[in-house]
Amino acid sequence: MLLSNAHTHTLPVLGKEVAICQGSAIIADNNFYSVGIHPWHINLKDIESEKANILKTLGNSGIKAIGECGLDKKISSDLRTQNEVFEWHIQQSYRHNKPLIIHCVKAYNEILNIKKNNAKSPVWIIHGFNSSIEMAYQLIDSGCILSLGHHTLLNNKLQNLVKELDEHVYLIESDTKDYPILKNIYETIAHLKNTEIETLALIKLKLFKNIFQIADL
Ligand SMILES: [Zn+2]
């Protein structure tokens, strides 16, 4: 059984997991990655040289997504700068035809509005989705995919959402957690869906390959 992991900061467990690793976790060549500037790092980094570094890597066939990037209203860096940096990632996503992995904290309405102006963009994946059922459907209706992580283990509202979600609109991720938590999230979602973890794993793997344009594993 291979568990697909749409977003992680650690390397996958070989033979058990296939993952889109955040760029800073780049160690091995035979892996899949996303590259981008996390909103938390906007103040810490020389943005222009960071952009240049990202552009250099985008030709690598292992890079399957742009991100994580996005908007975070809980941090100190001003929203205008965050918006500019996010917009740059959106443009790279078009140019290289790769999905975007989006970090969003208390800015779901802003993300939704920007998405409405980018109706024909490559797929946007809302990583670690943790908002209302209403927002979930607004994002899905605008063409976004949700990526469900550890919040799903404890949040009753999210669990109710999962029960009714179509299989084509969500992926599963571990983010900063390790493989045992990923497996735990799969077990929880399989239970909510009244199915076996093996069945869920196959469905998610198919969607994962489709979204990240991975032909063979
Ligand atoms: Zn992350």
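Everything discussed here concerns the structure shown above.
Residue indices begin from 1 for each chain and proceed along its sequence in written order. Only residues with pLDDT of 70 or above have their local features reported here, since the model is predicted, and side-chain atom pairs are shown and tallied only from 80 upward, although totals for entire chains, interfaces and linings are computed over all residues.

*Asks:* With reference to specific residues and values, describe the pairing of strand S5 (residues 100-105).
*Replies:* Using C-beta atoms placed from the backbone, we call a residue buried if 20 or more other C-beta atoms fall within 10 Å of its own, exposed if 12 or fewer do, and partly exposed for counts in between. Helix and strand assignments come from DSSP, with helices taken as H or I runs of at least 4 residues and strands as E runs of at least 2, each series counted from the N terminus. Burial runs high along S5: 5 of the 6 residues are buried. Any two strands between which DSSP finds at least two bridges are classified as paired. Two elements, strand S4 (residues 63-72) and S5, share 6 bridges in a ladder whose sense is parallel. Directly across from Ile66, in S5, lies its bridge partner Leu100. For crossovers, right-handed means that the path from the first strand over the helix to the second runs clockwise, given strands pointing away from the viewer. Running through helix H2 (residues 79-96), the crossover from S4 to the neighbouring parallel element S5 is right-handed. Where S5 meets strand S6 (residues 124-126), 3 bridges bridge the pair, whose relative direction is parallel. Of the residues in S6, the one forming a bridge with Leu100 is Trp124.

*Asks:* Talk me through unusual backbone geometry; I want residue IDs and the actual numbers.
*Replies:* Following Gly67, the chain continues into Glu68 via a peptide bond in cis, with omega recorded as 0°. On the secondary structure map, Glu68 appears in strand S4. Backbone geometry places Asn97, a non-glycine residue, at a positive phi of 50°. When you line up the elements, Asn97 lands in the loop between H2 and S5.

*Asks:* Lay out helix H3 (residues 108-116) in plain terms, naming residues and giving numbers.
*Replies:* Along H3, the residues that are buried comprise Tyr108, Ile111, Ile114 and Lys115. With its buried residues spanning 125° around the axis, H3 presents them on a single face. The outward face of H3, more than 90 degrees from its buried face, is lined by the exposed residues Asn109, Asn113 and Lys116. The contact criterion used is a C-beta to C-beta distance within 7 Å, with each C-beta placed from the backbone. Along its buried surface, H3 packs onto S4, S5, S6 and helix H4 (133-141). By definition, the arc is the one covered by directions from the helix axis to the C-beta atoms.

*Asks:* Please provide a residue-by-residue account of the sheet that holds strand S2 (residues 17-22), values included.
*Replies:* Strand order in this open sheet of 8 strands is S1-S2-S3-S4-S5-S6-S7-S8, and the pairing throughout is parallel. Every interior strand has two partners, whereas the edge strands, strand S1 (3-8) and strand S8 (170-172), have only one. Averaged over all pairs of adjacent strands, the angle between their axes in this sheet comes to 25°, without regard to strand direction. Pairing of S1 with S2 involves 4 bridges; the strand directions are parallel. Each bridged residue has a counterpart across the sheet, and for Thr8 the counterpart in S2 is Cys21. Think of each axis as a best-fit line through the C-alpha atoms, taken over the contacting stretch in the case of a helix, with angles from 0 to 180 degrees between the N-to-C directions.

*Asks:* An account of the environment of Gly70 is needed here, citing residue identities and associated values.
*Replies:* Secondary-structure assignment places Gly70 in strand S4. Gly70 sits in the buried class, given 27 other C-beta atoms within 10 Å. Residues Gly70 and Ile126, spaced 56 residues apart in sequence, show a C-alpha to C-alpha distance of 9.4 Å. Gly70 has contacts with Pro39, Phe86, Ile102, His103, Cys104 and Ile111, leaving out every residue within four places of it along the chain.

*Asks:* Describe in detail the packing of helix H7 (residues 179-192) against helix H8 (residues 197-211), supporting the description with residues and values.
*Replies:* Where H7 contacts H8, the two axes come as close as 9 Å, and the packing angle between them is 105°. Comparing their axes, H8 and H7 come out roughly perpendicular. Packed against H7, whose contacting residues are Tyr186, Glu187, Ile189 and Ala190, the element H8 presents Ile197, Leu200 and Ala201 at the interface. Across the contact of H7 with H8, the residue classes break down as 6 nonpolar, no polar and 1 charged. Each angle is binned into one of four classes, with values under 35 degrees roughly parallel, values over 145 roughly antiparallel, values of 65 to 115 roughly perpendicular, and all other values oblique. When residue character is reported, Ala, Val, Leu, Ile, Met, Phe, Trp, Tyr, Cys and Pro are called nonpolar, Asp, Glu, Lys and Arg charged, and the others, Gly included, polar.

*Asks:* Any chance you could break down the environment of Ser174 for me, citing the residues and the numbers?
*Replies:* Relative to the elements of secondary structure, Ser174 occurs in the loop between S8 and H7. What makes Ser174 buried here is the crowd of 27 C-beta atoms within 10 Å. Spatially, the C-alpha atoms of Ser174 and His9 are 8.4 Å apart, while their sequence positions differ by 165 residues. Here Ser174 is in contact with Asn5, Thr8, Gly149, Ile181 and Leu182, once residues within four sequence places are set aside.

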